[in-house]
Amino acid sequence: VADVWGHYLYLIDTAEDNRRLIDANRALRAVLTESEEVRLENERLRLLLDFKEAQEIATLPARVIAEDASSWFRTVMIDKGSDQGVTEGMPVVVAEGVVGRVMRSSPRFARVLLITDASSAVASLLQDNRARGICRGQGDQLVFDFVLRQEEVSVGDRVVTSGMGGVFPKGLVVGHVKSVERQEFGLFQAITVAPSVDFSHLEEVLVLLRSPQ
């Protein structure tokens, strides 16, 4: 009986130790996950800081707190508004390139129209041969309109803002040419552009504090 009772107590102690170890393991995994999240956030913020220091325009960091990626609109909400100097028309960017522009601002928040929205248009040019056109939103990609048929365009060519239109400064990355089609008739080529920004993983942005011209 004593042996059975001792074995029973041993099993209880072992089960309790196992529960403590499991709880400790869960706590450690939570700490590691949090540490990894902090590391990734620091990497993103470091890229933004490097980009910010390279700009001559004053910038304001902001966090994306909501998004609307329905079939009709493509916008995000940021946690900065008119109280921090954010006004309608201001460009919003990340280190990888252009995000969009502020379409509505309240005291504490602002809504940003993404460049992939169907109502968005960005005056752009090909970085290599300087051919000009307009990038328009088309769901998860862009179309590059009004590029003449005689212009040499290749898949992979970088597209940047031209500085025309008074919204985006010149030289910000918009994306890369995804496909090119020279139609048999017409003045222009049919070009699609893959945005340089991954909008599905957008978390921190910079607002360029400049008034639309």
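One structure accompanies this document, and this report is about it. Throughout this document, residue positions are counted from 1 along each chain, in the order its sequence is written. Local features in this predicted model are restricted to residues whose pLDDT is 70 or higher, and side-chain atom pairs enter the listing and the counts only when it is 80 or higher, whereas totals over whole chains, interfaces and linings include all residues. Only hydrogens and water are set aside when side-chain values are computed; all heavy atoms of the structure are taken into account.

With respect to the overall build of the chain
Helix and strand definitions here come from DSSP, where helices need a minimum of 4 consecutive H or I residues and strands a minimum of 2 consecutive E residues; each element is numbered from the N-terminal end. Helices and strands together make up the secondary structure of the chain, namely 1 helix and 12 strands. Along the chain, helices (α) and strands (β) appear in the sequence α-β-β-β-β-β-β-β-β-β-β-β-β when read from the amino end. Throughout this description, buried means an accessible area under 20% of the type-specific maximum (1.4 Å probe, protein chains only), exposed means over 50%, and partly exposed covers the range between. Per-residue burial for the chain yields a buried fraction of 35% across its 213 residues. Any two residues having at least one pair of non-hydrogen atoms within 4.5 Å are treated as being in contact. For the chain, restricting intrachain contacts to residue pairs at least 6 apart in sequence, the fraction spanning at least 24 positions comes to 56%. Accessible surface, the chain as shown: approximately 12,800 Å² in total, 55% of it carbon and sulfur. In short, Shrake-Rupley with a 1.4 Å probe defines the accessible areas, and a residue's cover is counted only from the protein chains shown.

Here we look at the layout of surface pockets
Only protein atoms enter the 1 Å grid used here. Points where a 1.4 Å probe fits but cannot escape make up a cavity, open sets with protein on both sides within 12 Å along at least five of seven lines make up a pocket, and a residue lines them when an atom lies within 4 Å of a point. Grid points are joined across faces, edges and corners, and a volume is the space filled by probe spheres set on the points. By volume, the second largest pocket is sized at about 190 Å³. Contributing to the lining of the second largest pocket are 15 residues, with Arg74, Thr116, Asp140, Phe199 and Ser200 lying nearest its centre. Sorting the residues of the lining of the second largest pocket by element identifies strand E1 (59-69) and strand E2 (74-78) as the ones contributing at least two each. Note on residue classes: Ala, Val, Leu, Ile, Met, Phe, Trp, Tyr, Cys and Pro are nonpolar, Asp, Glu, Lys and Arg are charged, and everything else, Gly too, is polar. Within the lining of the second largest pocket, the residues separate by chemical class into 6 nonpolar, 4 polar and 5 charged.

A short note on the nonpolar core
Remark: nonpolar core denotes a set of buried residues (Ala, Val, Leu, Ile, Met, Phe, Trp, Tyr, Cys) joined through side-chain atoms within 4.5 Å. Ranked by internal contacts, the top residues of the largest apolar core, which has 38 residues, are Val99, Cys135, Phe144, Val159, Val174, Leu202 and Val205. The greatest single-element share of this core, amounting to 4 residues, is contributed by strand E12 (residues 204-208). If sequence neighbours within four positions are ignored, Val174 has contacts with Val98, Ile115, Val122, Ser124, Cys135, Leu142, Val159, Val160, Thr161, Ala194, Pro195 and Ser196.

Looking at the sheet that holds strand E10 (residues 173-181)
By definition, two strands form a pair when at least two bridges between them are found by DSSP. Read around the closed barrel, the 6 strands follow the order E6-E7-E8-E11-E10-E9; overall the barrel is antiparallel. Strand-to-strand twist in this sheet, taken as the mean axis angle between neighbours without regard to direction, amounts to 40°. Bridge analysis of strand E9 (residues 158-161) against E10 gives 3 bridges, and the strand direction is antiparallel. Looking at the pairing, Val160 lines up with Val173 of E10. For helices, the fitted line uses only the C-alpha atoms of the stretch in contact; every axis is such a line through C-alpha atoms, and the angle between N-to-C directions lies from 0 to 180 degrees.

Looking at the side chain of Glu204
Note on placement: Glu204 falls in strand E12. Under the relative-accessibility criterion, Glu204 is labelled buried at 7%. Side-chain polar atoms of Glu204 contact the side chain of Arg63, separated by 3.4 Å. Polar contact is defined as a pair of N or O atoms within 3.5 Å, subject to the rule that within protein one atom must be able to donate a hydrogen and the other to accept it, and that residues adjacent in sequence are counted only when both atoms are side-chain atoms.

Some thoughts on the packing of aromatic side chains
How two aromatic rings sit relative to each other is given by the distance of their centres and the angle of their planes. The criterion for an aromatic pair is that two Phe, Tyr or Trp rings (for Trp, the six-membered ring) have centres within 6.5 Å, with stacked assigned to planes under 30 degrees apart, edge-to-face to planes over 60 apart and tilted to the rest. The final tally for this structure, using the stated rule, is 1 aromatic pair. When the centroid spacing of 5.5 Å and the interplanar angle of 85° are considered together, the rings of Phe146 and Phe188 count as edge-to-face. Remark: Phe188 occurs in the loop between E10 and strand E11 (190-195) and Phe146 occurs in the loop between strand E8 (141-145) and E9; sequence separation between them is 42 residues. Judged by relative accessible area, which is 43%, Phe146 ranks as partly exposed.

So, the pattern of salt bridges
We define a salt bridge as a contact between a side-chain nitrogen of Lys or Arg and a carboxyl oxygen of Asp or Glu at a distance within 4 Å. Inspection of every chain in the model, using the stated rule, returns 4 salt bridges. For Asp145, the salt bridge is made with Arg136, and the minimal N-O distance between the two is 3.2 Å. Looking at Asp145, the relative accessible area reads 24%, which means it is partly exposed.

Some points on unusual backbone geometry
A positive phi angle, close to 65°, is found at Arg130, a residue other than glycine. Within the secondary structure, Arg130 sits in the loop between strand E6 (121-126) and strand E7 (132-138). The partly exposed category is assigned to Arg130, whose relative accessible area is 41%. A positive phi angle, near 70°, is found at Phe146, a position not held by glycine.

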